[in-house]
There are 2 protein chains.
Amino acid sequence: MLALSVIGILSAVISVHGNGQIQSEFGRPVQQLQSTGAPWPQPQTMTSATVTFPLADPSTFRIYQKSQTLCPVLDQAFARYFNIIFFGTPEMSEEEKLMKLRDMRQHGRFWNASLHGKNLVALMGLSVNISDCSEMFPSLESSENYTLDVSEPFASLTAHSQWGALRGLETFSQLVYESSLAMLVVNKTSITDFPRFAHRGFLVDTSRHFLPMDILLQFLDAMAYNKLNVFHWHIVDDQSFPYQSKEFPYMSQKGAYSPHYVYSQSDVQRVISYARDRGIRVVPEFDTPGHTQSWGSVKGLLTPCEDKSGKPTGDYGPINPILNSTYAFLKPFFQEIFKVFPDSFIHVGGDEVSFDCWKSNKDIQNFMAKMGYGQNYSKLEAYYEKRFLGIVEDLLAKPIVWQEVVDNGVQVNLETVVHVWKQPWQSELHNVTKKGYKALLSTPWYLNLAGNPYGQPWRQIYDIEPLKFTGTAAQKALVFGGEACMWGEYVDATNVIQRSWPRGCAVAERLWSAENVRDVNEAASRLAEQRCRMVRRGLKAEPVTGPGFCEFPGSN
Amino acid sequence: MLALSVIGILSAVISVHGNGQIQSEFGRPVQQLQSTGAPWPQPQTMTSATVTFPLADPSTFRIYQKSQTLCPVLDQAFARYFNIIFFGTPEMSEEEKLMKLRDMRQHGRFWNASLHGKNLVALMGLSVNISDCSEMFPSLESSENYTLDVSEPFASLTAHSQWGALRGLETFSQLVYESSLAMLVVNKTSITDFPRFAHRGFLVDTSRHFLPMDILLQFLDAMAYNKLNVFHWHIVDDQSFPYQSKEFPYMSQKGAYSPHYVYSQSDVQRVISYARDRGIRVVPEFDTPGHTQSWGSVKGLLTPCEDKSGKPTGDYGPINPILNSTYAFLKPFFQEIFKVFPDSFIHVGGDEVSFDCWKSNKDIQNFMAKMGYGQNYSKLEAYYEKRFLGIVEDLLAKPIVWQEVVDNGVQVNLETVVHVWKQPWQSELHNVTKKGYKALLSTPWYLNLAGNPYGQPWRQIYDIEPLKFTGTAAQKALVFGGEACMWGEYVDATNVIQRSWPRGCAVAERLWSAENVRDVNEAASRLAEQRCRMVRRGLKAEPVTGPGFCEFPGSN
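Not measured: the values here are computed from a predicted model.

1. With respect to the overall build of chain A
Now for step 1: When its secondary structure is counted, chain A shows 18 helices and 20 strands.
Now for step 2: The C-alpha radius of gyration computed for chain A amounts to 26 Å, which stays within 12% of the reference 24 Å derived for 556 residues, consistent with globular compactness.
Now for step 3: Projected onto the principal axes, the alpha-carbon positions of chain A cover approximately 90 × 50 × 45 Å.
Now for step 4: Within chain A, the proportion of its 556 residues that are buried is 63%.
Now for step 5: Summarising the internal contacts of chain A: among those between residues at least 6 apart in sequence, 73% fall at separations of at least 24.
Now for step 6: Distance from the positive charge centre (51 side chains) to the negative charge centre (56 side chains) of chain A: 2 Å.

Rendered as structure tokens:
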């Protein structure tokens, strides 16, 4: 099914070895073989014939909506994918385009009636048919299904929603490749596709290091190219508070690294709309009661730690759970968050709550005694979560929590989503789903922790099968997705794209494609192509499959 | 001695913890403390007073040569460092400069006679005094010593050669910082400095992945900012042959990844002159007899592997050592290399020679028998190296070889430099120096292999003491330097700067500074500053010391 070829190797005599790597006629070892025109992630079903259609000249090639539905998201996407298909990259000035076009015409990269006549049949365009464009934003329930038939004279893409059409456009753009005659071509292909898991996310941490807007938008591009659909924005944490609140603007004034390292309300809206245009949900995380050191500007919010004589040490601990003022702040704050972010889910954290500071505080000790909690500070945490999640649920927001919340025995609403990040993930998933909670998996996909890049850690990342844990069918049905995570201690604008991509592609295929798509050597050749595709589209995705190079069509 | 301060933390109340990390008034943990105006690598001796001089306005500030020596390298360097000192980055258009200047003047960043009068004494410039500018290129023997006295009205830099002056200019530029009043200032300082080791290199591999010219030049900038002085250009290897030979142009035509991935003769000269202008030697490596799969276009050069019946398998092994035609090619080829690269050293490889293909070849078997080598293929390797090194020495070139050449018992000239890359490096250095060879160390500094970036691998890299091996004083005196290595399997233009820097800084300080400069926590604060300095100068050096941020003077 996969057309494997070696792009740009000058020698014609090549041999393919068992590990999916190639040798040239001089026996050059260990270059990773690259597929051509193979999609990533692998569609659910795909049949592809050896019949190949050259693309018509861009002056006649059309991507258009067959349906009558007004759908601005698609109009934008058509323009973007038109550029990607013909020029390899979504953004290009009109001047550059004209120059490029002239050059491409000269080199005969398109079907040309006078040259090719009836001997070659060109693909004249792509017609897109959707039945519904009413959803303003993608949601967990949105349909991403699509079918794609590539056949002359017009390829045809059908989907229920614009979100499915976006997925199909991405796939179509990946099917186009440069033939051995240097023409842009696409194979006769038929695809029926849909995601295996509904929630396919990537956590990005903008607290340990601030990430500028252009990097966040690049990240969203990368996600779209891999059909990921949830941008989990771990926007604040202990180290800094870059979110510029409408109601509490002093929080970023005091808590951001600097006045330059802040996301204004319009920045946030830009991220949300840029993501929406790519079929990506933005789920913000405001993690409490731990991981809140940068929230300290809210008077009385954090627990003052005390020494043995009861004097404040000057250090602060997690949010103080015993004060009504705490909840009086949390309510309007999360009201704002739920208004600013259109998604129905909010990630509310709940991980790694240290009890040391709570234990040191006299008022908290008295409260514990009054409540009859003894020395069981998990009960205090549960008290906090119960009151806090009540606020969140009153907003009709759906909370996602890190697994500790239920590990520590808090009785939360069964609609609460539990995010698993601890080892061994198999038993953790078993425990969480046994309690009846819906679950997301991230443990094996902490890409920041992935091993030595010299050993191709993407292979282990790819190898994970998220439903391979002991449990009933009902338990497994509760696992509705997962997320790659890139924690920010050692990444910023200089390297976050490189370290996240194409590693993140491995998670993306695992969450989209069928369970039986698991051949890591076959995947390597497609991953090498996918990474070059991303580089060509302007993203600094690093090489992860070994020696080799990206040769762009038309680069010579 | 180090002025430690926290740049840009909005809170005034901070506490410094034992591990060199800071907490803000809200107790935000684990931000790496940053030094201000602290040089990297640490100078040999440095005294610095609390007296601080603001810099005069750039319209009056002068960097000039006091000596009468004509020295174009310095003239260029003055312009570069002038920009770095005032604008933070070496290259800036005149228009940008004017805009920036206006803004900086408005914000009072310079000494201003009418404002500050006699209450503040400004630094009016830097006078540079060298006695000799006659060396066209830096060499192993070049002096890099300098003294720097920063005192009003003119700081004074004295060095024997332009190379020493370049080191001093770099140091001076690093002493300048932004005061709490947002003025550009420098502390009264006196420095006497010289390198501990004469050969401080960085190996860059352009064969596994091609690196474009702009990346190579960025790499040289990074080296200069860290006082490294040998660019070890591992230019070709098995995977590709991007060097465009004058005499044998077909080698890159056949052996490069593609026609775009070639270094022309003018590219090579550009690298050499750009390096020279920064006091950096370029030592090329053409590794033989192994690692030569991409040399296969040279007819008959590689050994044809044979199957048991004596038929060629189509695969090729290392260079064929038994043919006179081999040496008839190597002689003019290395003649060219020695002419193209001005350095007196050539790295000629000699590592990882696999004997399998040699063993399979009937002609070689016969040759072994005739020579009485039995089954000892190391003797055949020695035969090759003896004839080959004879050619190199006839050119009066000084060879550097990987350690296997002497490990395998080849009797080479004692002037040959042995490059140690195997573990355990302590005993390897002992063995090599015991035989009387000069040695370079790289084993612990394979930065491509450095561990999980989540664990700050730079700390282990920094911790290495290269002379901590069993041996006499005479043996230790033979170790004249070392090299960081970034092998190219998993790096290309997208990430080679990030993965090499600031990790390479750790090796640079180890090789330049005094043996007793080893406090890794103290180093962390200077490294955080050095990495932000590199970012400000336009290099994508990644964060390696944990959460934090770079606040550039004048960025607000």
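2. Here's the deal with the relation of the copies chain A and chain B
Now for step 1: Rotating chain A by 180° and moving it 0.0 Å along the rotation axis overlays it on chain B with an RMSD of 0.0 Å. In the structure described here, the two chain copies are related by an operation that fits a two-fold rotation axis. Minimal C-alpha distance to the rotation axis in chain A is attained by Asn452(A), lying at 2.8 Å.

3. A few points about the interface of chain A and chain B
Now for step 1: With 65 residues of chain A at the interface, the matching set in chain B holds 65 residues.
Now for step 2: With both chains or domains summed, chain A and chain B bury close to 5200 Å², and 54% of this area falls on carbon and sulfur atoms.
Now for step 3: Our enumeration of links across chain A and chain B arrives at four salt bridges.
Now for step 4: With a shortest N-O distance of 3.0 Å, Glu542(B) and Arg499(A) are connected by a salt bridge.
Now for step 5: Between chain A and chain B we count 30 residue pairs in polar contact (both at pLDDT 80 or more) in total.
Now for step 6: Secondary-structure elements contributing two or more residues to the side of chain A that touches chain B are helix H6 (250-255), strand E15 (312-319), helix H16 (496-500) and helix H18 (520-536) of chain A.
Now for step 7: When the residues that make up the side of chain A that touches chain B are grouped by side-chain class, the tally is 24 nonpolar, 28 polar and 13 charged.

4. Let's talk about helix H17 (residues 503-512) of chain A
Now for step 1: Most of H17(A) is tucked away: ten of the ten residues are buried.
Now for step 2: The complete set of buried residues in H17(A) reads Arg503(A), Gly504(A), Cys505(A), Ala506(A), Val507(A), Ala508(A), Glu509(A), Arg510(A), Leu511(A) and Trp512(A).

5. Some thoughts on the pattern of salt bridges
Now for step 1: Under the criterion given, the structure shown has 46 salt bridges over all chains.
Now for step 2: Note that Arg531(A) and Asp492(B) form a salt bridge whose closest N and O atoms lie 2.7 Å from each other. Here Asp492(B) lies in the loop between strand E20 (479-486) and helix H16 (496-500) and Arg531(A) lies in helix H18, a pairing that spans two chains.
Now for step 3: You can call Arg531(A) buried: its relative accessible area is 6%.
Now for step 4: Via salt bridges that share partners, Arg196(A), Asp463(A), Glu465(A), Glu515(A) and Arg518(A) belong to a single interconnected network.

6. Notes on unusual backbone geometry
The general pattern is negative phi for most residues beyond glycine and trans for most peptide bonds.
Now for step 1: The residue after Trp40(B), namely Pro41(B), is reached through a cis peptide bond having omega -5°.
Now for step 2: Pro424(B) follows Gln423(B) through a cis peptide bond whose omega is -10°.
Now for step 3: Structurally, Pro424(B) can be placed in the loop between strand E18 (417-420) and helix H13 (425-434).
Now for step 4: The backbone of Leu396(A) shows a phi angle near 70°, a positive value even though the residue is not glycine.

7. Overview of the side chain of Arg200(B)
Now for step 1: Looking at the element boundaries, Arg200(B) is found in strand E11 (residues 199-205).
Now for step 2: At 2.9 Å, the side chain of Arg200(B) forms a polar contact with the side chain of Glu144(B).

8. Focus on the packing of helix H1 (residues 72-87) of chain B against helix H2 (residues 94-106) of chain B
Residues and elements named next belong to chain B.
Now for step 1: Between H1 and H2, the shortest axis-to-axis distance is 11 Å and the interhelical angle comes to 40°. With respect to their mutual orientation, H1 and H2 come out oblique. In the packing of H1 onto H2, the handedness of the crossing is left-handed. Here H1 contributes Asn83, Phe86 and Phe87 to the contact with H2, which in turn contributes Lys97, Lys100, Leu101 and Met104.

9. A short note on the nonpolar core
Now for step 1: Within the largest apolar cluster, 156 residues are counted, with the highest numbers of intra-cluster contacts made by Phe231(B), Phe286(B) and Trp501(B).
Now for step 2: Each of two domains, domain 1 (37-193) and domain 2 (199-513) of chain B, supplies a minimum of three residues to this core.
Now for step 3: Once you skip the residues sitting within four places of it in the chain, Trp501(B) turns out to touch Phe202(B), Phe219(B), Ala222(B), Met223(B), Asn226(B), Leu228(B), Met534(B), Ala541(B) and Glu542(B).
Now for step 4: Grouped together as the second largest cluster of nonpolar side chains are 154 residues, Phe86(A), Cys133(A), Ala450(A) and Cys505(A) included.

10. Overview of the environment of Cys71(B)
Residues and elements named next belong to chain B.
Now for step 1: Mapped onto the elements, cysteine 71 comes out in the loop between strand E5 (62-65) and H1.
Now for step 2: Cysteine 71 sits 91 residues away from glutamine 162 along the chain, and the two C-alpha atoms are 7.5 Å apart.
Now for step 3: Residues within four places of cysteine 71 in sequence aside, it is in contact with Gln65, Ile130, Cys133 and Gln162.

11. Overview of the packing of aromatic side chains
Where two aromatic rings form a pair, the distance of their centres and the angle of their planes describe that pair.
Now for step 1: Scanning all chains against the criterion turns up 82 aromatic pairs over all chains.
Now for step 2: Measuring from centroid to centroid gives 6.1 Å for Phe248(B) and Phe333(B), while their planes differ by 50°, and the two rings are tilted. With Phe248(B) in the loop between strand E12 (230-234) and helix H6 (250-255) and Phe333(B) in helix H8 (residues 324-340), the pair connects residues that are 85 residues apart, well separated along the chain. Both residues of the pair, Phe248(B) and Phe333(B), belong to the buried class.
Now for step 3: Over the ring of Tyr225(A) we find Arg537(A), and its NZ or CZ is 4.5 Å from the ring centre.

12. Brief notes about the state of the cysteines
As used here, a disulfide is simply a covalent bond connecting the sulfur atoms of two cysteines.
Residue and element names in this part refer to chain A.
Now for step 1: Tallied over the full model, the rule gives six disulfides over all chains.
Now for step 2: Covalently, cysteine 71 is tied to cysteine 133 through a disulfide, its sulfur atoms 2.1 Å apart. Residues cysteine 71 and cysteine 133 are joined through a disulfide that is right-handed, its torsion about the S-S bond being 75°. With cysteine 71 in the loop between strand E5 (62-65) and helix H1 (72-87) and cysteine 133 in the loop between strand E6 (125-132) and strand E7 (146-150), this residue pair connects regions lying 62 residues apart in the sequence.
Now for step 3: A sulfur-sulfur separation of 2.2 Å characterises the disulfide bridge that pairs cysteine 305 with cysteine 357.

13. Examining the pairing of strand E12 (residues 230-234) of chain A
Residues and elements named next belong to chain A.
Now for step 1: Among the five residues of E12, five are classified as buried, and the element is accordingly described as predominantly covered.
Now for step 2: Alternating positions in E12 separate into two faces, Val230, His232 and His234 on one and Phe231 and Trp233 on the other, with burial throughout.
Now for step 3: Inspection of the sheet shows strand E11 (residues 199-205) paired to E12 by five bridges, in the parallel sense. Within E12, the residue paired with glycine 201 across the bridge is valine 230.
Now for step 4: Handedness of the E11-helix H5 (residues 213-225)-E12 crossover: right-handed.
Now for step 5: Pairing geometry for E12 and strand E13 (residues 281-285), over five bridges, is parallel. Across the sheet, phenylalanine 231 pairs through a bridge with valine 282, a residue of E13.

14. Re helix H7 (residues 265-276) of chain B
All names here are of chain B.
Now for step 1: The end-to-end C-alpha distance of H7 is 16 Å, a good match for the 16 Å that twelve residues give at a rise of 1.5 Å each.
Now for step 2: Three or more residues of H7 are buried, namely Gln265, Val268, Val271, Ile272, Tyr274, Ala275 and Arg276.
Now for step 3: On its buried face, H7 is in contact with H1, helix H4 (162-175), helix H5 (213-225), E12, strand E13 (281-285) and H8.

15. A closer look at the confidence of the model for chain A
All names here are of chain A.
Now for step 1: Mean pLDDT for chain A: 92, with 93% of residues reaching 70 or above.
Now for step 2: Per-element confidence in chain A ranges from a low mean pLDDT of 42 for strand E1 (residues 15-16) to a high of 99 for E12.
Now for step 3: Low confidence marks residues 1-21, where pLDDT is under 50. Its contacts with residues over four positions away, or in another chain, come to 59 contacts.

16. Some thoughts on the environment of Pro318(B)
All names here are of chain B.
Now for step 1: Inspection of the secondary structure puts proline 318 in strand E15 (residues 312-319).
Now for step 2: Considering only alpha carbons, one finds proline 318 and serine 354, 36 residues apart in sequence, at a separation of 7.3 Å.
Now for step 3: In this view, proline 318 contacts Pro289, Gly290, Thr292, Leu301, Leu302, Thr303, Val353, Ser354, Cys357 and Trp358; residues no more than four positions away in its chain are not counted.

17. Considering the pairing of strand E7 (residues 146-150) of chain B
Residues and elements named next belong to chain B.
Now for step 1: Here E7 shows a buried face lined by Tyr146, Leu148 and Val150 and an unburied face lined by Thr147 and Asp149.
Now for step 2: The sheet contact formed by E7 and strand E8 (residues 154-161) spans four bridges and is antiparallel. Residue pairing in the sheet places aspartate 149 in a bridge with serine 156 of E8.
Now for step 3: Linking E7 to E8, which pair antiparallel, is a turn of three residues.
Now for step 4: The pairing of E7 with strand E10 (residues 184-193) spans five bridges and is classified as antiparallel. The partner of threonine 147 across the bridge, within E10, is threonine 192.

Calculation notes
Residues numbered from 1 in each chain as written. Chains lettered and ligands numbered in written order. Predicted model: local features only at pLDDT ≥ 70, side-chain atom pairs only at ≥ 80, totals over all residues. Heavy atoms only, no water. Helix = DSSP H or I, 4+ residues; strand = E, 2+ residues; numbered from the N terminus. Rg over C-alpha atoms; globule rule 2.2 N^0.38 Å. Buried < 20%, exposed > 50% of the residue type's maximum accessible area, 1.4 Å probe, protein only. Contact = heavy atoms within 4.5 Å. Lys, Arg positive; Asp, Glu negative; His and termini not counted. Charge placed at Lys NZ, Arg CZ, Asp CG, Glu CD. Least-squares fit on C-alpha atoms with pLDDT ≥ 70 in both. Buried area = accessible area lost by both parts, 1.4 Å probe. Salt bridge = Lys/Arg side-chain N within 4 Å of Asp/Glu carboxyl O. Polar contact = N/O pair within 3.5 Å; in protein donor to acceptor, adjacent residues only side chain to side chain. Nonpolar A, V, L, I, M, F, W, Y, C, P; charged D, E, K, R; others polar. Axes fitted to C-alpha atoms, helices over the stretch in contact; angles between N-to-C directions. Parallel < 35°, antiparallel > 145°, perpendicular 65-115°, else oblique. Left-handed = near helix turned anticlockwise from the far one by under 90°. Core = buried A, V, L, I, M, F, W, Y, C linked by side-chain atoms within 4.5 Å. Domains from an automatic or database assignment. Phe/Tyr/Trp six-rings, centres within 6.5 Å; stacked < 30°, edge-to-face > 60°. Lys NZ or Arg CZ within 6 Å of the ring centre and 35° of its normal. Disulfide = S-S within 2.5 Å. Pairing = 2+ DSSP bridges. Right-handed = clockwise from strand over helix to strand, strands pointing away. Expected span 1.5 Å × (residues − 1). pLDDT = per-residue confidence, 0-100.

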